[in-house]
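Letter by letter, the chains look like this.
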Amino acid sequence: METHKEKILVVDDEASIRRILETRLSMIGYDVVTAADGEEALETFRVSEPDLVVLDVMMPKLDGYGVCQELRKESDIPIIMLTALGDVADRITGLELGADDYVVKPFSPKELEARIRSVLRRVDKNGAPGIPSSGVIHVSSIKIDTNKRQVYKGDERIRLTGMEFSLLELLVSRSGEPFSRSEILQEVWGYTPERHVDTRVVDVHISRLRAKLEDDPSNPELILTARGTGYLFQRILEAGED
C-alpha cells in the first residue's frame, strides 16, 4: 500500500532553480510540480492541489505577492516565499499578504528543505500542553477547537493559516504568561535560538491574528503585547474562577 506523498508546488521563473529543487525535493520523498510564472502557478495550484507552495517574489505576468494574495482568497495552504538578499521590505510584504515563512536568495537547498519540513510539521501538529482534554477553548466570543484546528467568532468560522493557528494554540496553551519573540520563533517556526532570524516574522503574524480575531485590532483585548518581552494571550479563567 502506497503512503501518501506530500506534494510541493515550486514557483520560480529561473529554470535552474526549478530543476534543482524538483530533483532535491523528489529525492527526499516529496511529489513536486513546478510553474514558471504567477499565472501558471495559479493554474497548477488548482489542478494539482499541493500541500505547500514555494513561491518566488520576482516573476513575470503575476509576481509572488499577487499569487500569494490570490491563493489566500481560496486556501490556507502553507506558503514559503523566496526573497532577495537584504530586501527586508520584500519579506515583510510577503508575510503581511499571508506567507508563512521566507527563505532569502541565494539559499542552500538544505535550508529550504528544513523550512519545508518545519512548516509542514507545524501545520499537521496536534495538541499542545495546557490545552483542555476536550480540545475546545471558549474565550469572549471566540471558540478555538484544537482537534479540528478551527476557530469561530460567534457563529462565523475564521480562516487561519496553519502557522497562524499554531501560533494561537501556543499562546493559549499558557494564557496569561508572556512568550518572547525568540521563544515563539523556536516553538512555532522551529528556528533555533543561535540562528539569527528577523523577529518581525512574529510581529506580522500577531498582527494578522489580531486583524482576524479582535473586535478592534488597534486596541487588542485577546492577544496582548508584553512590554519588553513579546506577546501573551489574556488569561483564560477556568470554570469556577473569578
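Refer to the structure printed above.
For every chain, the first residue of the written sequence is number 1, and numbering continues from 1 onward in sequence order. Restriction of local features to residues with pLDDT of at least 70 applies here, the model being predicted, together with a cutoff of 80 or more for giving and counting side-chain atom pairs; totals for whole chains, interfaces and linings are based on all residues. For side-chain calculations, the full set of non-hydrogen atoms in the structure is used, while hydrogens and water are omitted.

Draft legend 1. Highlighting the overall build of the chain. Segments assigned H or I by DSSP are reported as helices when at least four residues long, segments assigned E as strands when at least two residues long, and all are numbered from the N terminus. When you go through the chain residue by residue, the secondary structure sums to 8 helices and 12 strands. Summary of the burial criterion: residues with accessible area below 20% of their type's maximum are buried, those above 50% are exposed, and those between are partly exposed, where the area comes from a 1.4 Å probe applied to protein chains only. Among the 242 residues that make up the chain, the fraction classed as buried is 50%. Surface exposure here means Shrake-Rupley accessible area, sampled with a 1.4 Å probe, where a residue is shielded only by the protein chains that are shown. If you sum the accessible surface of the chain, you get close to 12,100 Å²; carbon and sulfur atoms cover 48% of it.

Draft legend 2. A look at the pattern of salt bridges. Between Lys or Arg on one side and Asp or Glu on the other, a salt bridge is scored when a side-chain nitrogen of the former is within 4 Å of a carboxyl oxygen of the latter. Counting across every chain of the model gives 17 salt bridges. As a salt-bridge pair, Glu113 and Arg24 come within 2.9 Å of each other at their nearest N and O atoms. A residue pair is termed long-range when its members are at least 10 positions apart, and Glu113 in helix α5 (residues 109–124) and Arg24 in helix α1 (residues 15–27) qualify at 89 residues. Within the structure, one salt-bridge network assembled from shared partners comprises Asp12, Glu14, Asp56 and Lys105.

Draft legend 3. Summary view of the packing of aromatic side chains. Within 6.5 Å between ring centres, the rings of Phe, Tyr and Trp (the latter by its six-membered ring) count as paired, and their orientation is classed by plane angle as stacked under 30 degrees, edge-to-face over 60, tilted in between. In the structure shown here, the tally under the stated rule is 0 aromatic pairs. Here the basic side chain of Arg174 rests over the ring of Phe179, its NZ or CZ set 3.9 Å away from the ring centre. Comment: the charge-over-ring label is applied if NZ (Lys) or CZ (Arg) is within 6 Å of the ring centre and within 35 degrees of the ring normal.

Draft legend 4. Broad picture of the nonpolar core. The definition of a nonpolar core used throughout is a set of buried Ala, Val, Leu, Ile, Met, Phe, Trp, Tyr and Cys residues joined through side-chain atoms within 4.5 Å. Membership of the largest hydrophobic core comes to 71 residues, with the highest contact counts inside it found for Ile116 and Ile184. For each domain, the first and last residues come from an automatic or database assignment. Taken domain by domain, this core gets at least three of its residues from each of domain 1 (7–124) and domain 2 (136–233). Contacts: residue pairs with any heavy atoms within 4.5 Å of one another. Setting aside its immediate chain neighbours within four residues, Ile116 contacts Ile8, Leu25, Tyr30, Leu52, Val54 and Ile80.

Draft legend 5. Looking closely at the pairing of strand β7 (residues 142–145). Only when DSSP finds a minimum of two bridges between them are two strands counted as paired. Across 4 bridges, strand β6 (residues 136–139) lies against β7 in antiparallel orientation. Each bridged residue has a counterpart across the sheet, and for Val136 the counterpart in β7 is Asp145. Counting the residues that bridge the hairpin from β6 to β7 gives 2 residues, and of these Ser140 lies at a positive phi of roughly 55°. As paired strands, β7 and strand β8 (residues 150–153) are joined by 4 bridges and run antiparallel to one another. The residue of β8 that forms the bridge with Lys143 is Tyr152. Connecting the antiparallel pair β7 and β8 is a turn made up of 4 residues, with Arg149 showing a positive phi of about 55°.

Draft legend 6. View of the packing of helix α7 (residues 181–189) against helix α8 (residues 200–213). Fitting a line to C-alpha atoms yields each axis, with helices limited to the stretch in contact; the angle taken between N-to-C directions then spans 0 to 180 degrees. For the pair α7 and α8, interaxial distance at closest approach is 9 Å and the crossing angle is 80°. Between α7 and α8, the crossing angle belongs to the class labelled roughly perpendicular. Seen from α7, the contacting residues are Arg181, Ile184, Leu185 and Trp189; seen from α8, they are Val201, Val202, Asp203 and His205. Should an angle fall under 35 degrees it is taken as roughly parallel, and over 145 as roughly antiparallel, whereas 65 to 115 is taken as roughly perpendicular and any remaining angle as oblique.

Draft legend 7. Quick peek at the sheet that holds strand β2 (residues 31–35). Here 5 strands make up an open sheet; going across it, the order is β2-β1-β3-β4-β5 and the pairing parallel. On the outer flanks of this sheet lie β2 and β5 (101–105), each paired with one strand and no other. Strand-to-strand, the axes of this sheet are offset by a mean angle of 20°, without reference to chain direction. Pairing geometry for strand β3 (residues 52–56) and strand β4 (residues 79–84), over 4 bridges, is parallel. Bridging from a neighbouring strand, Asp56 pairs with Leu82 of β4. Across the face of the sheet, α1 comes into contact with β1 (7–11), β2 and β5 while running at roughly 170° to β2.

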